[in-house]
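These are the residues of each chain, in order.
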Amino acid sequence: MGAYTVTGQRARQMRVVPAEVLKRLYLRSDRHGLMQTAAHLALLVAGGWLVLETHGTWWLVPALLLQGIFVNSLFGAMHESVHYGSFRTRWMADMLAFFSGAAILNNAGFYRHYHMAHHRYTQDPRRDPELVTSGTPRTWGQYLFRVSSIPFLMLRLRDIFLFPFGYRGDVDYINPSAWPEVRRWGRWLLAFYAVLIVGSVALQTTVVLWVWFIPLLVGLPFLRLYLLCEHTLCPNSDDGFANTRTTLSNPIVRFLMWNLPYHAEHHLFPNIAFHNLPEAHRYLRPHLKYVAKGYIQVQREIVRSLA
């Protein structure tokens, strides 16, 4: 477990973006949220149709892969919604958080508090839940195990089947006052999955399996690879200009992930709405230590670092 450096620079770094600009960037928008949600939903419908149309042919493999990317990129919708940045109207953000979280096996009520702790203690090996639960891969074995998504699935089984009934396990990184919300969202999640299963059995259909669950599993490793790029190889420090990486990538990835690739900008100013992160990047880029052109570049750096 590495040492954690406290620089005390956060307050100064927060002044890089002028206050009058921040006030505008903080504004949420139902219009932007609805446009983004509708476009992503259209891709999911198109991807599901493609899977069903290619069923029984070799074209099913790329169709499943494409739909897997569409499904797993709902992480961006869930992430933005737990920050209440997807919509100005909070109940709309909660709805999107719940259903996008459910699509990727996440109790979004738990993720909200997990993620809050991650922001508060970014890159602190003892208190950042991302490091506490997963750590930084140092060897090929750790890297491949992480990308396999097996650790993710084990944790999600805990969240889905145990949290709704009051089990907390070894989770000590969220505030105790958060657990009623975690249990409540967990019970809704179980009920939602029960409706999907019972409905599929009653209708004698495997549509849900083919357009959602199998693509989800197929695409999980890609989401693990994506998430590894956010902080891996960044220093264990409270320096907001260095402890998080922005990966510019391309407009398609930025769209699917709700501009989350502007990750250093988001960590420095988590209240900036997703559609305003590109503008925030223009102010912050000269100060950021880790700005990568693409995710393949970052993965190459991570692989080279492995023992």
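Residues numbered from 1 in each chain as written. Predicted model: local features only at pLDDT ≥ 70, side-chain atom pairs only at ≥ 80, totals over all residues. Heavy atoms only, no water.

### Re the pattern of salt bridges
Then comes step 1: Across all of its chains, the model carries six salt bridges by this definition.
Then comes step 2: As a salt-bridge pair, E181 and R112 come within 2.8 Å of each other at their nearest N and O atoms. With E181 in helix α11 (residues 179-203) and R112 in helix α7 (residues 108-120), the pair connects residues that are 69 residues apart, well separated along the chain.
Then comes step 3: Classification of R112 by relative accessible area gives buried; the value is 9%.
Then comes step 4: Salt-bridge contacts for R127 lead to D124; the nearest nitrogen and oxygen are separated by 2.9 Å.
Then comes step 5: We classify R127 as partly exposed; its relative accessible area is 43%.
Then comes step 6: One salt-bridge network, held together by shared partners, links D94, R112 and E181. (Salt bridge = Lys/Arg side-chain N within 4 Å of Asp/Glu carboxyl O. Helix = DSSP H or I, 4+ residues; strand = E, 2+ residues; numbered from the N terminus. Buried < 20%, exposed > 50% of the residue type's maximum accessible area, 1.4 Å probe, protein only.)

### A short note on the environment of R127
Then comes step 1: As for its placement among the helices and strands, R127 is situated in the loop between α7 and α8 (129-133).
Then comes step 2: For the pair R127 and D172, spaced 45 residues apart in the sequence, the C-alpha separation amounts to 9.3 Å.
Then comes step 3: Polar side-chain contacts of R127 include one of 2.9 Å to the side chain of D124. (Polar contact = N/O pair within 3.5 Å; in protein donor to acceptor, adjacent residues only side chain to side chain.)

### Comments concerning unusual backbone geometry
Then comes step 1: The phi torsion at Y84 lies on the positive side, around 60°, for a residue other than glycine.
Then comes step 2: One can find Y84 in the loop between α5 (74-82) and α6 (90-103).
Then comes step 3: Positioned with a positive phi, L105 is a non-glycine residue whose angle comes to about 65°.
Then comes step 4: Mapped onto the elements of the fold, L105 is located in the loop between α6 and α7.

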